[in-house]
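Breakdown of the fold
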Amino acid sequence: MTTALVILADGFEEVEAVSVIDILRRAQIEVTVAGMSDVQVRGAHDILVRADVKLSGVGASLFDAVILPGGEPGTTHLQSGAGGAAVKEILTRHAHAGKWLCAICAAPRILDAWGFLDGRQATSFPGTKPHMTHCHYREDRVVLDGQVITSRGPGTALEFAVTIVEKLVSPAARQRLEEALVMK
């Protein structure tokens, strides 16, 4: 079974999180949603989402992809404090295992700050561009480089999600989803 971990912190961008979770589950990917400090996580637009587990419950599990939605102050929460240290450890473990690291909107700045984008091509929410100092910045809607997928924001969330499906499952699975969702 193909697996993905989506990490949510209070203040996450709901469109980026929920649409990605939905698309991946439609592709039969086993998605675990982890709340950074609780299973009840409040989005940037006051939508309450119930995660499957607290981040501390993920333990040493390895997933095929780790996905960070953006939004503020969610991205700041993902990067800071004790919770940020746990997120960094998970990303590091997955990067060393050759798994996919995926971030959208403001969240690619975390990958950049922690060295996961060094020398790689990447994108982010336009306002985050000044913080993207270690990558080769591009303004494409979705950027792939090695085992890293980055994307721009809420308006690119579906493209981001089907790109993850393409890499975790197959190009045919992506095409089926694009047709079913009337994306093309």
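Note: the structure precedes this text.
All of the points below concern the structure found in this document. For clarity, every value in this text was computed on a predicted model and none was experimentally measured.

Turning next to the pairing of strand β6 (residues 65-68). The alternating pattern of β6 places A65 and I67 and V66 and L68 on opposite faces, both of which are buried. As paired elements, strand β1 (residues 3-8) and β6 share three bridges and run parallel to each other. Following the sheet pairing, A4 is matched in β6 by A65. Two strands pair when backbone bridges link them, and β6 and strand β7 (residues 100-104) are joined in this way by four bridges, in the parallel orientation. Residue pairing in the sheet places A65 in a bridge with W100 of β7.

The next point concerns the pattern of salt bridges. What the rule picks out here adds up to twelve salt bridges. R42 is the salt-bridge partner of D46, the closest N and O atoms lying 3.0 Å from each other. A residue is classified by how much of its surface remains accessible, and D46, at 54% relative accessible area, is exposed. Taking relative accessible area as the criterion, R42 reaches 37% and is therefore assigned partly exposed. K129 is the salt-bridge partner of E139, the closest N and O atoms lying 3.3 Å from each other. With a gap of ten residues between them, E139 in the loop between β9 (136-137) and β10 (142-145) and K129 in the loop between β8 (121-122) and β9 connect regions that are remote in the sequence. With a relative accessible area of 52%, E139 lands in the exposed category. Overall, the relative accessible area of 39% leaves K129 in the partly exposed class. Each of the salt bridges in this network shares a partner with another, and the network as a whole consists of E166, R174 and E178.

Once that is clear, we can look at the packing of helix α1 (residues 14-26) against helix α5 (residues 157-168). Two elements in contact, α1 and α5, have axes separated by 9 Å at closest approach and are oriented at 35°. Considering only the axes of α1 and α5, their crossing is right-handed. Contacts from V15, E16, S19, V20, I23 and L24 in α1 reach A157, L158, F160, A161, V162, I164 and V165 in α5.

So, on to the side chain of R93. When you line up the elements, R93 lands in helix α3 (residues 81-96). Taking relative accessible area as the criterion, R93 reaches 18% and is therefore assigned buried.

If you look at the biggest cluster of nonpolar residues, it comprises 33 residues, and the most contacted ones within it are L24, I67, F160 and I164. Residue assignment for this core shows that the elements contributing at least two residues are β1, α1, β2 (30-35), β6, β7, α5 and α6 (171-180). The greatest single-element share of this core, amounting to seven residues, is contributed by α5. Listed in part, the 27 residues of the second largest apolar core include I7, M36, F63 and A103.

What counts, and where the lines are drawn
Residues numbered from 1 in each chain as written. Predicted model: local features only at pLDDT ≥ 70, side-chain atom pairs only at ≥ 80, totals over all residues. Heavy atoms only, no water. Buried < 20%, exposed > 50% of the residue type's maximum accessible area, 1.4 Å probe, protein only. Helix = DSSP H or I, 4+ residues; strand = E, 2+ residues; numbered from the N terminus. Pairing = 2+ DSSP bridges. Salt bridge = Lys/Arg side-chain N within 4 Å of Asp/Glu carboxyl O. Axes fitted to C-alpha atoms, helices over the stretch in contact; angles between N-to-C directions. Left-handed = near helix turned anticlockwise from the far one by under 90°. Contact = heavy atoms within 4.5 Å. Core = buried A, V, L, I, M, F, W, Y, C linked by side-chain atoms within 4.5 Å.

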